[in-house]
Amino acid sequence: MAGAGVALTVAAMLGGLAYLPIREATSDLKQSVSILTDKMVTQGELEWRTTRSAEDRARTDGAVKELDRVFGSYDQRFTDQQRQIDEVKTAQGAVYGARDVIIELRENQQRIERELSTIRAARSPASP
């Protein structure tokens, strides 16, 4: 019977030695699961984030549509103003063209030259 007691003791020691790495691995596994649980995103939180992202996207799309409308209005105003400028230029060109400007400048130059001649003639001493 003593041999059975020794065998049982040896078996218990071997079992304890075999259990030690399993216990350490279990402890490491529990620690890893704890870390994963801390960093994990729950399904409820994931759904909340998805809903929030959809709401943000909807607000952004609305803002973009509003800006498109505003910028389209600006483009239309700029187009209208450019059309008005072009109409004024066309009307001015039809009434007072480059040829008319040149003729007027030449007439002004001739008038000034005549006035200068008159002034010079008035200032020069009378010859006997």
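Let me sum up the structure you'll find in this document. Remember, predicted model here, so these are calculated numbers, not experimental data. (Residues numbered from 1 in each chain as written. Predicted model: local features only at pLDDT ≥ 70, side-chain atom pairs only at ≥ 80, totals over all residues. Heavy atoms only, no water.)

**Focus on the overall build of the protein**
When you go through the protein residue by residue, the secondary structure sums to three helices and zero strands. Each helix (α) and strand (β) of the protein, taken in turn from the N terminus, gives the series α-α-α. By the compact-globule yardstick of 14 Å for 128 residues, the protein is too spread out, its C-alpha radius of gyration being 51 Å. Burial status across the protein gives 1% buried among its 128 residues. Charged side chains of the protein number 18 positive and 19 negative; the gap between the two group centres comes to 6 Å. (Helix = DSSP H or I, 4+ residues; strand = E, 2+ residues; numbered from the N terminus. Rg over C-alpha atoms; globule rule 2.2 N^0.38 Å. Buried < 20%, exposed > 50% of the residue type's maximum accessible area, 1.4 Å probe, protein only. Lys, Arg positive; Asp, Glu negative; His and termini not counted. Charge placed at Lys NZ, Arg CZ, Asp CG, Glu CD.)

**Quick look at the pattern of salt bridges**
Overall, the coordinates contain six salt bridges when judged by the stated rule. In this structure, the salt-bridge partner of E66 is R69, at a minimum N-O distance of 2.6 Å. Taken together, the positions of E66 and R69, both in helix α2 (residues 43-95) and three residues apart, correspond to about one turn of that helix. One salt bridge connects R83 with E87, and the closest N-O pair in it is separated by 3.1 Å. (Salt bridge = Lys/Arg side-chain N within 4 Å of Asp/Glu carboxyl O.)

**Comments concerning a nonpolar patch on the surface**
A contiguous nonpolar surface patch, about 420 Å² in accessible area, is contributed by L67, F71, Y74 and F78. Locating Y74 in the fold gives a position in helix α2. (Patch = residues over 30% accessible without salt bridge, like charges linked within 9 Å, V, L, I, M, F, W, Y side chains within 5 Å. Areas by Shrake-Rupley, 256 points an atom, 1.4 Å probe, with all protein chains shown as cover.)

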